[in-house]
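Close look at the chain arrangement
Spelled out from the first residue to the last, the chains are:
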Amino acid sequence: MRQFIVFARKEFYHIFRDRRTLLILFGMPIVQIILFGFAITNEIKNADIAVLDQSKDYYSSRLVQKLTAGGYFRIDRNLRDQSSITAAFREGRIKMAVVIAPEFSQSFHHHNKGRVQLLADAGDPNTATTLINYATAIIGNFQQELNGELELPLTIDTTVTMEYNPALKSVFLFVPGVMTLILLLVSAMMTSITIAREKELGTMEILLVSPLPPALIIVGKVVPYIVLSFINALIILTMGVFIFGMPIKGSLVLLLAECVLFVLTSLSLGILISSVTDKQQTAMMASMMGLLMPTALLSGFIFPIESMPLPLQWLSNIMPAKWFIIILKDIMLKGSGLQYVWPQTLVLVGMTLFFVIMSIRNFKIRLS
């Protein structure tokens, strides 16, 4: 019994000396509780919308104020004409556009009828449906208020248009999201295990005494996975198009180039993880647990980022998957070109360079 107690105490000491194990044991549950508690919600708040008020009178202004009073919507911009609606959607900053017909107040007094059009970005059909339901309920409440003020009953005709996904097919949301998750997890996990395996098997010394500099060692490890991950991306795109009917309205060359860029970002992240871990199991846990849940929750794939607390919205900006999903939706569903997706592309390029530089620095430190 005494030997067992000594052995168990030794294992406790071993765990407590390993800070990475303690981080996994105690840090990951705390992170999971925070993310699941704040990120998972079906309620949408502070959704950015654009307003095209062609009437600009008393009642149209009251309607706009009514839409933004509940905290569900906030006005990102006021549009000047119908042609600016498409550009606003392609920029990716708005989720819905509200168009108020001309002579809104005059229609109340002469015809007892007003016309409002709601256009939602149905690239995310669940979010689009929720926003349309919110807006329709608010407009209905506004109509009831006006019926108490006017002598004759008033009717507001609301026309709903689902842009980029009229049939509200959920596959148009899940194909970009699943593609992002697979490329990120597979690429990062495979590369993170690579260097860790060399360390664990004791073959790292052979690499360190070779004439190759650390940068070329990293490149040599990454090149095979670039090819394999790109083939994986082609398979996912082919299945999405021919099996699920996913459209590609934009440039196929630009789409493939963005896929290569994201693969490079994921691989560089995996190399960074492997350069700071010593065992395959630790590298796998870091890549799986540290990337899977945050990517699923904070990338906008499943839950709208606008509904999350502000700290989580800031945290989502460091997730490469968030920017790649925006690029995929813009190119495949909206037909956007590089002039619309260059900010997200620049973010991915910056992340890739940062991960590569940090990986090289860690290798140089180990060589010294």
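The coordinates are above.
Presented here is an overview of the structure given in this document. (Residues numbered from 1 in each chain as written. Predicted model: local features only at pLDDT ≥ 70, side-chain atom pairs only at ≥ 80, totals over all residues. Heavy atoms only, no water.)

Brief notes about a nonpolar patch on the surface
- The grouping of V223, V227, L228, I231, I235, M239, F242, I243 and F244 at the surface amounts to a nonpolar patch, some 890 Å² of accessible area in total.
- Relative to the helices and strands, I243 resides in the loop between α9 (214–242) and α10 (252–275). (Patch = residues over 30% accessible without salt bridge, like charges linked within 9 Å, V, L, I, M, F, W, Y side chains within 5 Å. Areas by Shrake-Rupley, 256 points an atom, 1.4 Å probe, with all protein chains shown as cover. Salt bridge = Lys/Arg side-chain N within 4 Å of Asp/Glu carboxyl O. Helix = DSSP H or I, 4+ residues; strand = E, 2+ residues; numbered from the N terminus.)

Section: helix α3 (residues 58–69)
- Compared with the 16 Å implied by 1.5 Å per residue over 12 residues, the 16 Å span of α3 between its first and last C-alpha is a close match.
- Within α3, burial applies to Y59, S60, R62, L63, V64 and L67.
- G71 occupies a position one or two residues after α3 and carries a positive phi of about 85°. (Expected span 1.5 Å × (residues − 1). Buried < 20%, exposed > 50% of the residue type's maximum accessible area, 1.4 Å probe, protein only.)

Here we look at the packing of aromatic side chains
- Summed over the entire model, instances satisfying the criterion amount to five aromatic pairs.
- The interplanar angle of 65° and the centroid separation of 5.1 Å between the aromatic rings of Y58 and Y59 together place this pair among those described as edge-to-face.
- A relative accessible area of 53% places Y58 in the exposed class.
- Owing to a relative accessible area of 9%, Y59 belongs among the buried residues under this scheme.
- For the pair F262 and F324, a centre-to-centre distance of 4.2 Å together with 0° between the ring planes defines the contact as stacked. Within this pair, whereas F262 is found in helix α10, its partner F324 is found in helix α13 (residues 320–332), the two being separated by 62 residues in sequence.
- Judged by its relative accessible area of 0%, F262 is buried.
- Positioned above the aromatic ring of W323 is the side chain of K322, whose terminal nitrogen or guanidinium carbon lies 4.7 Å from the ring centre. (Phe/Tyr/Trp six-rings, centres within 6.5 Å; stacked < 30°, edge-to-face > 60°. Lys NZ or Arg CZ within 6 Å of the ring centre and 35° of its normal.)

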